[in-house]
Amino acid sequence: MRWWDIDAVLELEKDLFPEDAWSRGMFWSELAHSRGSEATRRYVVAVEGERIVGYAGLVAQGDLGDIQTVAVSRNLWGTGLGGQLLTELLRAATAFECAEVMLECRVDNVRAQKLYERFGFEPIGFRRGYYQPGNVDALVMRLTTAPDGGSAAGTSSVQGTENNG
């Protein structure tokens with residue numbers, strides 16, 4: 001994702017997350033930390049023709065990655081695009097040397113939860129009233145380092161998802 005993608009990303013953001021959409025400033029702030037030798041963020045977009053149809057972002061701090069967002073245009077739900085975006089974030093987590101990756105997901109977003117579970121994320125708790133306004137709880141999920149000592153984007157979890165979806 002680059003600064004010139006923000007307008008198109010905002011349109012998709014407002015459609016998918018009308019109650020708690022990120023602002024232009026939030027995206028600018030994230031992108032400001034995604035370049036150079038001190039980068040701690042990775043944001044990607046999916047493009048169909050000339051239209052942005054998905055985006056995703058990750059923050060890395062030390063050996064912990066935190067998925068900030070994964071969004072796919074409604075007309076492309078169920079096509080595997082979400083899995084492709086998540087794969088890119090997990091590759092970034094590997095590059096950042098993250099031992100585990102965390103995320104929050106709305107408790108009522110079962111479709112997203114199933115995606116994350118296919119990648120090996122496990123529920124570990126809740127954040128009450130996390131999504132505002134609306135006071136919707138978040139399910140906290142975690143993906144830990146592969147048992148063979150590999151990265152959080154270990155071969156088994158990513159390849160398994162690619163083969164299935």
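Rules used in this analysis
Residues numbered from 1 in each chain as written. Predicted model: local features only at pLDDT ≥ 70, side-chain atom pairs only at ≥ 80, totals over all residues. Heavy atoms only, no water. Pairing = 2+ DSSP bridges. Helix = DSSP H or I, 4+ residues; strand = E, 2+ residues; numbered from the N terminus. Axes fitted to C-alpha atoms, helices over the stretch in contact; angles between N-to-C directions. Contact = heavy atoms within 4.5 Å. Phe/Tyr/Trp six-rings, centres within 6.5 Å; stacked < 30°, edge-to-face > 60°. Buried < 20%, exposed > 50% of the residue type's maximum accessible area, 1.4 Å probe, protein only.

Caption draft 1: Region of the structure containing the pairing of strand β1 (residues 41-48). For β1 and strand β2 (residues 51-61), the ladder comprises 8 bridges, and the chain directions are antiparallel. Residue Glu48 lies in a different strand from β2, and its bridge partner there is Arg51. Taking the residues that link successive antiparallel strands as the turn, the β1-β2 hairpin has 2 residues, and the phi of Gly49 there is positive, at about 65°.

Caption draft 2: Just the sheet that holds strand β4 (residues 100-106), in detail. Here 6 strands make up an open sheet; going across it, the order is β1-β2-β3-β4-β6-β5 and the pairing mixed. Of all the strands in the sheet, the pair left with one neighbour each is β1 and β5 (122-131). Across this sheet, the average inter-strand angle for adjacent strands is 25°, counted without regard to direction. Across the sheet, helix α4 (residues 110-118) is in contact with β3 (64-72), β4 and β6 (136-144); its angle to β4 comes to roughly 165°.

Caption draft 3: Region of the structure containing the packing of aromatic side chains. In total, this model carries 7 aromatic pairs according to the counting rule given. Ring centres of Trp3 and Trp4 lie 5.4 Å apart, and the angle between their planes is 80°; this geometry places the pair in the edge-to-face category. Look at Trp3 and you get exposed, because its relative accessible area is 52%. Summarising the aromatic geometry, the rings of Phe27 and Tyr55 are spaced 6.0 Å apart at their centres and angled 80° between planes, so their arrangement reads as edge-to-face. Of this pair, Phe27 sits in helix α2 (residues 24-32) while Tyr55 sits in strand β2, placing them 28 residues apart in sequence. Like Phe27, the residue Tyr55 is buried in the burial classification.

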